[in-house]
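# Structural features, examined
Spelled out, the chains give:
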Amino acid sequence: MAAAWQDVVRDPAAVREAAAVAVDAALLAGVLMRTGEQPNASDVVNYAPFTLLPSAVPRALFEQAYAVQQDFNLLVDAVSQNREFLEQTLASTIKVDDFTARLFRIYKQVLEEGLAQTVFLGINRSDYMFDCGLEGTAALRQIEINTIAASFGGLTSRTADVHRLVLKVLGKSEEASQLLPNNPAKGLALGIAKAWELYGSQRAVVMFLVEDVQRNIFDQRCVENELWNRNIRVLRKRFRDVFEQGSLDASRRLYMDGQEVAVVYYREGYVPQVYDEQNWEARLLLERSRAVKCPDIATQLAGTKKVQQELSRQGTLEKLLPGHPEAIARIRATFAGLYSLDEGEEGDRMAAAAIADPDRFVLKPQREGGGNNLYGEELREVLGKIKDSPERTSYILMDKIKPQPSLNYLLRAHSPLQVSECISELGIFGVYVRQGRELLLNEAAGHLLRTKAIEHADGGVAAGVAVLDTPFLV
């Protein structure tokens, strides 16, 4: 943690006072979640968990993460348009991973029918940690890129104001003034609004495709309200509603309850548990439609762990981004070691290395949403069972990042106030819009810092492990 906060950590009375102010400030600012007891009602809400103090982030690495975001936008868009690359890369995965296989089947069916969609909207979040490694010099290392339902752009737009007030209460007005403005909600809405405009129908609506259980509704409302402020109508519907009420006309325009849908913004659909046969039918209907999907199914596939691993292979970026050597260098500089577990000599060697030294690696399945990765003895046990089976190809291996822990207080409702050793993960939101082959918008849209106690290996805010934070650049 920044040396500026060392005096605070040692002053229990100051911490208690600041924590009380912080919680009220979060409630006032709208840093909110529904409760686990009433996840679908806003009668009783509480503050989303967050750090008492902003966490120190190396300025050079923060700026590096922003500088490479437009490159990652270009890359994701290029992967999504490259059928040959997706087919080759996911060939082994779809044999053993039913979820990826179902997505891929829809992808092929839509391509064979011919795409009705002409405008493409990407909202992604590239997540990083600061690896201290053996030398002790921090380096930016990408953990993953989320291409579907990247969350907390709304609530993080309101978190910096809370931390500014906390620092002022602690007598640190100078440091408070150094916290950066951050409004991903506005940036994400800008992309959605641009796609809506290019779709070309003033009467058409934006549809948020949402979960059955909506604890994190306020994060979504931040983006939604930005659209209402632009006089763009927003519907909130679930897969079940699409199955029951959705239809396509002869031009494959999508209608819900008689209203034409210009943009479908997915905040659901990234885990297999949400798909029964009806929901798969609903997903196919959406993908066949002319509506702008965020993401379309090709872009969701571009965000799989297997694609991430393949992108790190020598020569792959050059094929996908010809004529962009500077962008390729910036992207490659963020990669951690990523390794295939495909059947064959390379996969055999990496499986053996991970079983022999599991603390060097993370075992990652093709899943989003946090809480899925395997570490240490659990990694050794699972990989030991599947090392001689094709099932291992549904995972990849990544070098384990070793960040420098710092002290902070994690504020959670109904939890004791205590200091924790913490590590942080920085996410940069990216937004791009393409019409046909022409990229019309390509921007970094803001950042998200999440922090968790070091005893929790995996999982994000929605998974109940990490908390919202604000970077203090050092």
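Preceding block: the structure.
Figured I'd write up the structure that's included with this text. Just so it is clear, the structure is predicted and the values come from calculations on it, not from any experiment.

## Considerations on the overall build of the protein
Counting its secondary structure elements, the protein contains 19 helices and 20 strands. Here the C-alpha atoms of the protein give a radius of gyration of 22 Å, agreeing with the 23 Å that 2.2 N^0.38 yields for 474 residues. The dimensions of the protein, computed from C-alpha atoms along their principal axes, are 65 × 55 × 45 Å. Of all 474 residues assigned to the protein, the portion counted as buried reaches 58%. Counted over contacts in the protein with a minimum sequence separation of 6, partners at least 24 positions apart contribute 74%. Positive and negative side-chain charges of the protein, numbering 54 and 63 respectively, have mean locations separated by a distance of 3 Å.

## Topic: the packing of aromatic side chains
The description of an aromatic ring pair uses the distance of the two centres, along with the angle that the planes make with each other. Inspection of every chain in the model, using the stated rule, returns eleven aromatic pairs. Taking the centre distance of 5.8 Å and the plane angle of 80° together, the rings of Tyr 47 and Phe 50 count as edge-to-face. We classify Tyr 47 as buried; its relative accessible area is 12%. Judged by its relative accessible area of 1%, Phe 50 falls in the buried class. Arranged with centres 4.0 Å apart and planes meeting at 20°, the rings of Tyr 275 and Trp 280 form a pair that is stacked. Among the aromatic residues, those joined into a cluster by ring pairs are Phe 99, Phe 239, Tyr 266, Tyr 275 and Trp 280. Lying across the ring of Tyr 266, Arg 283 places its NZ or CZ 4.5 Å from the centre.

## Here we look at the pairing of strand E11 (residues 259-266)
Across the eight residues that make up E11, a large majority, seven, are buried. In the sheet, strand E7 (residues 205-209) pairs with E11 via five bridges, with the strands oriented parallel. Its bridge partner being in E11, Val 206 is matched across the sheet by Val 263. If you look at the hairpin formed by strand E10 (residues 254-256) and E11, you'll find two residues sitting between the two strands, and Asp 257 has a positive phi there, around 55°. Here three bridges tie E11 to strand E12 (residues 292-294), and the two strands are oriented parallel to one another. Within the sheet, the bridge partner assigned to Val 264 lies in E12 and is Lys 293. The parallel pair E11 and E12 is bridged by helix H13 (residues 277-288), and the resulting crossover is right-handed.

## Structural notes on the environment of Ile 217
Checked against the element boundaries, Ile 217 lands in helix H11 (residues 217-229). Taking the C-alpha atoms as reference, Ile 217 lies 18 Å from Ile 123; in sequence the two are 94 residues apart. Sequence-distant contacts of Ile 217, that is, excluding residues within four places in its chain, are made with Arg 34 and Arg 236.

## Some details on the pairing of strand E6 (residues 139-146)
When you tally the buried positions in E6, you get six out of eight residues, the bulk of the element. Relative to E6, strand E5 (residues 119-131) is paired through seven bridges, and the arrangement is antiparallel. Counterpart to Met 129 in the pairing with E6 is Arg 141.

## Observations concerning the sheet that holds strand E13 (residues 338-340)
A sheet is described by the order of its strands in space; here three strands give the open sequence E13-E15-E14, paired in antiparallel fashion. Two strands in the sheet have a free side with no partner beyond their single neighbour: E13 and strand E14 (361-365). Across the sheet, the axes of successive neighbouring strands diverge by a mean angle of 30°, strand direction being ignored. In this structure, E14 lies alongside strand E15 (residues 395-399), joined through five bridges in antiparallel fashion. Paired with Val 362 across the bridge in E15 is Met 398. Each of E13, E14 and E15 is contacted by helix H18 (residues 345-356), which is oriented at about 125° to E13, the strand it contacts most. Helix H19 (residues 376-386) contacts E14 and E15 of the sheet and is inclined by roughly 60° relative to E14.

## Structural notes on the side chain of Gln 214
Within the secondary structure layout, Gln 214 lies in the loop between E7 and H11. When its relative accessible area of 13% is taken as the criterion, Gln 214 is described as buried. In this view, Gln 214 contacts Arg 34, Pro 39, Asn 40 and Arg 236; residues no more than four positions away in its chain are not counted.

Cut-offs applied
Residues numbered from 1 in each chain as written. Predicted model: local features only at pLDDT ≥ 70, side-chain atom pairs only at ≥ 80, totals over all residues. Heavy atoms only, no water. Helix = DSSP H or I, 4+ residues; strand = E, 2+ residues; numbered from the N terminus. Rg over C-alpha atoms; globule rule 2.2 N^0.38 Å. Buried < 20%, exposed > 50% of the residue type's maximum accessible area, 1.4 Å probe, protein only. Contact = heavy atoms within 4.5 Å. Lys, Arg positive; Asp, Glu negative; His and termini not counted. Charge placed at Lys NZ, Arg CZ, Asp CG, Glu CD. Phe/Tyr/Trp six-rings, centres within 6.5 Å; stacked < 30°, edge-to-face > 60°. Lys NZ or Arg CZ within 6 Å of the ring centre and 35° of its normal. Pairing = 2+ DSSP bridges. Right-handed = clockwise from strand over helix to strand, strands pointing away. Axes fitted to C-alpha atoms, helices over the stretch in contact; angles between N-to-C directions.

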